[in-house]
Amino acid sequence: QVQLIESGGGSVQAGGSLRLSCVLYGRTFSKTIMAWFRQAPGKEREFVARSGADTSYRASVKDRFTISRDNTKNTLYLQMNNLKTEDTAIYYCAAGRPGSVYPVTRADFQDWGQGTQVTVSS
């Protein structure tokens, strides 16, 4: 059974930092494209960052967030620095569908974590 277990969410002041973690079970982590998405209240789930054949970020987080992975621990990370109130959302870890190369849409990912809340206050 595939599971993605997320941790690291919390509440911080604007300008602060958080580090999210996601452990993948039931798939071969080193062969799997992984990503972070987020969803704010009343908004669509949106792509944040991807780790696979390349590393990619949405423009609004490119200079502040860093996605990384440790294939020996089957763990994906998202280091978030200089957080802004607009980063407030539930953050989801996702595992890509086999065959996707540069996935960025929700439909490109077939396995999802339950999400972890990130709240940034001013």
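Computed from a predicted structure; not experimentally measured.

**Concerning the sheet that holds strand 7 (residues 65–70)**
One open sheet holds the four strands; their spatial order is 1-3-8-7, and the pairing between them is antiparallel. Looking at strand neighbours, the two that pair on one side only are strand 1 (3–7) and strand 7, the edges of this open sheet. In this sheet, adjacent strand axes meet at a mean angle of 15 degrees when their direction is disregarded. Where strand 1 lies against strand 3 (residues 18–25), five bridges are found, and the strand directions are antiparallel.

**Focus: the pairing of strand 5 (residues 46–51)**
The side chains of a regular strand alternate, residue by residue, between the two faces of the sheet. Burial within strand 5 is extensive, with five of its six residues counted as buried. Relative to strand 5, strand 4 (residues 34–39) runs antiparallel, the two sharing five bridges. Within strand 5, the position partnered with Trp-36 by the bridge is Ala-49. Hairpin connection of strand 4 to strand 5: six residues between the antiparallel strands, including Gly-42 at a positive phi of 75 degrees. The antiparallel hairpin formed by strand 5 and strand 6 (residues 55–57) contains three residues in its connecting segment.

Scoring rules and cut-offs
- Residues numbered from 1 in each chain as written.
- Predicted model: local features only at pLDDT ≥ 70, side-chain atom pairs only at ≥ 80, totals over all residues.
- Heavy atoms only, no water.
- Pairing = 2+ DSSP bridges.
- Helix = DSSP H or I, 4+ residues; strand = E, 2+ residues; numbered from the N terminus.
- Axes fitted to C-alpha atoms, helices over the stretch in contact; angles between N-to-C directions.
- Buried < 20%, exposed > 50% of the residue type's maximum accessible area, 1.4 Å probe, protein only.

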